[in-house]
Amino acid sequence: MAVTFRIYRFNAEKDAHPYYQEFNVDLPAGSTVLDGLRHIKDTMDGTLSFRRSCRHGICGSCGMTINGVNRLACETQITNLRSKKIEVEPLRSFPVVRDLITDMTPFYDRYEAVKPYLIDLKSPPTDRERLQSPEDRRKLDGAYECILCGCCTSSCPSFWADKDFLGPAALLKAYRFVFDSRDQDMGERLRIVNDKHGLWRCHTIFNCVEACPKDLNPTWAVAELKRAVIRQKV
Amino acid sequence: MFAGSSNTGATLWFFQRISGLLLVVLLLLHFGLIHGTEVDEELHRVTYKPVAERLASSTWKTIDLAFLFLAVFHGLSGVWMVLGDYVHRTWARNLLFTVVCILGFVLLILGSVTLLSFKPIT
Ligand code: FES
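Residues numbered from 1 in each chain as written. Chains lettered and ligands numbered in written order. Predicted model: local features only at pLDDT ≥ 70, side-chain atom pairs only at ≥ 80, totals over all residues. Heavy atoms only, no water.

### Focus on the overall build of chain B
- A tally of regular secondary structure across chain B gives 4 helices and 0 strands.
- Counting from the amino terminus, helix and strand elements in chain B follow one another as α-α-α-α.
- Rg of the C-alpha trace for chain B: 19 Å, well past the compact-globule value of 14 Å for 122 residues, more than 25% over.
- Expressed along its principal axes, the backbone C-alpha trace of chain B runs to roughly 65 × 25 × 25 Å.
- For chain B, the residues scored as buried account for 30% of the 122 residues in total.
- A separation of at least 24 residues holds for 67% of the contacts in chain B among residues at least 6 apart in sequence.
- Accessible surface for chain B amounts to roughly 8200 Å². Of this, 73% is attributable to carbon and sulfur atoms.
- Here chain B carries 8 positive and 7 negative side-chain charges, and the mean point of each set is 15 Å from the other. (Helix = DSSP H or I, 4+ residues; strand = E, 2+ residues; numbered from the N terminus. Rg over C-alpha atoms; globule rule 2.2 N^0.38 Å. Buried < 20%, exposed > 50% of the residue type's maximum accessible area, 1.4 Å probe, protein only. Contact = heavy atoms within 4.5 Å. Areas by Shrake-Rupley, 256 points an atom, 1.4 Å probe, with all protein chains shown as cover. Lys, Arg positive; Asp, Glu negative; His and termini not counted. Charge placed at Lys NZ, Arg CZ, Asp CG, Glu CD.)

Shown next, in the form of structure tokens:
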């Protein structure tokens, strides 16, 4: 399978400006974009930099923009791109450290801001786990599976425009705890997201839904959070 | 760094939805009348008489005033939301907010004067 990779290159220590470099490669059938990148790094240019770890869509480290769409390189089959030319760029709107590696600090800062952990105001039970009914547990389906790849937040025009916006990933995480029957500080959680850089910057553009490699729906979660805030007020 | 507490947006968002819903009802009514019942059967277009008769009644003046207020609020609150996406400096936001409010006020005054002072020519 002969394809051409057109890859965004930038080394802050050497380059004044980013540029694109092309690599013609011949890969076995069934190769993913990550396989292609590894082939280039191993056999053609060892300086090419990108993140990857699990190669199975679990760790979320290989999120990048492939032919204009944010995806996981390890889950993207080259044949499914239906193109002999594959353009690979770092995730938009995050500062580029080198080549396809971005500085994810803004992403994690927002994640941390929504307190992504269970808040237990009373002392936890000592003789058993914090139990939850199957119905309550089901409410978290579609909210806990996020792998923090950043594909959604990077695809969000509201995040491009407002760098203080929490972004879809953090808001989805907020949803996951607001609607967790075991969590005891819904008020504080809603106070955090009820902000001009929080829920109300989401204009239901749905880019995050399209971008999510795990088929999650942050836009729906944001709508539920908006409803919860309004219900609390009226 | 995001702190979460400025608590702005919820009220505006809520009234944007409510005004949107009411505007759908009023718009349907408006289209039904202007492009339906008030169309002259022979001329196939809306004529002065039925519209003027309707606008002379205080009930319709009230409905149209509500239409005006809702449309101005909905439109300008939308503009303010778009500006909110792109303008982040406090002084610029304050300035633009004042401009949007003045614009809304002028539009409301102009619309209200036109509506309330309307008397049909007989
Ligand atoms: S390498 Fe882990 S998600 Fe792609």
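### As for the interface of chain B and chain A
- Every contact between the two is made by 17 residues of chain B and, on the other side, 20 residues of chain A.
- Roughly 1800 Å² of surface becomes buried between chain B and chain A when both sides are summed, with 58% attributable to carbon and sulfur atoms.
- Between B:Asp85 and A:Arg201 there is a salt bridge; the shortest N-O distance is 2.5 Å.
- Taken together, the links from chain B to chain A amount to 5 residue pairs in polar contact (both at pLDDT 80 or more).
- Every element with two or more residues in the side of chain B that touches chain A is listed here: α1 (10-37) and α3 (58-86) of chain B.
- Here the element with the most residues in the side of chain B that touches chain A is α3(B); it accounts for 4 residues.
- Residues that form the side of chain B that touches chain A fall into these classes: 7 nonpolar, 8 polar and 2 charged. (Buried area = accessible area lost by both parts, 1.4 Å probe. Salt bridge = Lys/Arg side-chain N within 4 Å of Asp/Glu carboxyl O. Polar contact = N/O pair within 3.5 Å; in protein donor to acceptor, adjacent residues only side chain to side chain. Nonpolar A, V, L, I, M, F, W, Y, C, P; charged D, E, K, R; others polar.)

### Quick look at the environment of A:Ile119
All names here are of chain A.
- Along the chain, Ile 119 falls in the loop between α2 (105-113) and α3 (134-138).
- Residues Ile 119 and Asn 70, 49 residues apart in the sequence, show an inter-C-alpha distance of 33 Å.
- In contact with Ile 119, not counting residues within four places along its chain, are Arg 182, Asp 183, Gln 184, Asp 185 and Arg 189.

### Focus: the packing of aromatic side chains
- Taken as a whole and judged by the stated rule, the model has 9 aromatic pairs over all chains.
- Here the aromatic rings of A:Trp200 and B:Trp13 are separated by 5.2 Å at their centres, their planes lie at 50 degrees, and the arrangement is tilted. A residue pair is termed interchain when its members come from two chains, as with A:Trp200 in the loop between α7 (186-193) and α8 (207-211) and B:Trp13 in helix α1. An identical accessibility class is assigned to A:Trp200 and B:Trp13; each is buried. (Phe/Tyr/Trp six-rings, centres within 6.5 Å; stacked < 30°, edge-to-face > 60°.)

### Remarks on the nonpolar core
Residue and element names in this part refer to chain A.
- Judged by nonpolar contacts, the single largest core of 67 residues is most densely connected at Phe 5, Ile 7, Val 33, Leu 37, Met 64, Ile 86 and Val 88.
- At 7 residues, the largest contribution of residues to this core is made by helix α6 (residues 167-178).
- For this core, the domains that each give at least three residues are domain 1 (2-102) and domain 2 (105-232).
- Apart from the residues lying within four places of it in its own chain, the contact partners of Leu 37 are Phe 5, Ile 7, Leu 48, Phe 50, Met 64, Ala 73, Val 88 and Leu 100. (Core = buried A, V, L, I, M, F, W, Y, C linked by side-chain atoms within 4.5 Å. Domains from an automatic or database assignment.)

### Some details on the side chain of A:Ser155
- Relative to the assigned elements, A:Ser155 resides in the loop between α4 (151-154) and α5 (157-161).
- In this structure, A:Ser155 is in contact with A:Asn70, A:Trp160, A:Asn207, A:Cys208 and A:Ala211, ignoring residues within four places of it in sequence.

### Topic: the domain arrangement of chain A
All names here are of chain A.
- Entries for chain A in the domain assignment read domain 1 (2-102) and domain 2 (105-232).
- Relative to domain 2, the C-alpha centre of domain 1 lies at a distance of 29 Å.
- Listed per partner, the contact involves 14 residues of domain 1 and 16 residues of domain 2.
- Between domain 1 and domain 2, the buried area comes to about 1100 Å², and carbon and sulfur atoms account for 62% of it.
- When residues of domain 1 are sorted by the area they lose upon contact with domain 2, Asn 70, Ser 93 and Phe 94 head the list and together hold 46% of the total.
- One can count 1 salt bridge joining domain 1 with domain 2.
- With its nearest N and O atoms 3.4 Å apart, the salt bridge here joins Glu 75 to Lys 214.
- Counting across the domain 1 and domain 2 interface gives 5 residue pairs in polar contact (both at pLDDT 80 or more).
- For the side of domain 1 that touches domain 2, the element with the highest residue contribution is strand β4 (residues 69-72), accounting for 3 residues.

### Some details on the environment of B:Pro50
All names here are of chain B.
- If you trace the backbone, Pro 50 turns up in helix α2 (residues 48-56).
- In this structure Pro 50 comes out as partly exposed when scored by relative accessible area, which is 25%.
- Expressed as a C-alpha distance, the spacing of Pro 50 and Arg 93, which sit 43 residues apart in the sequence, is 45 Å.

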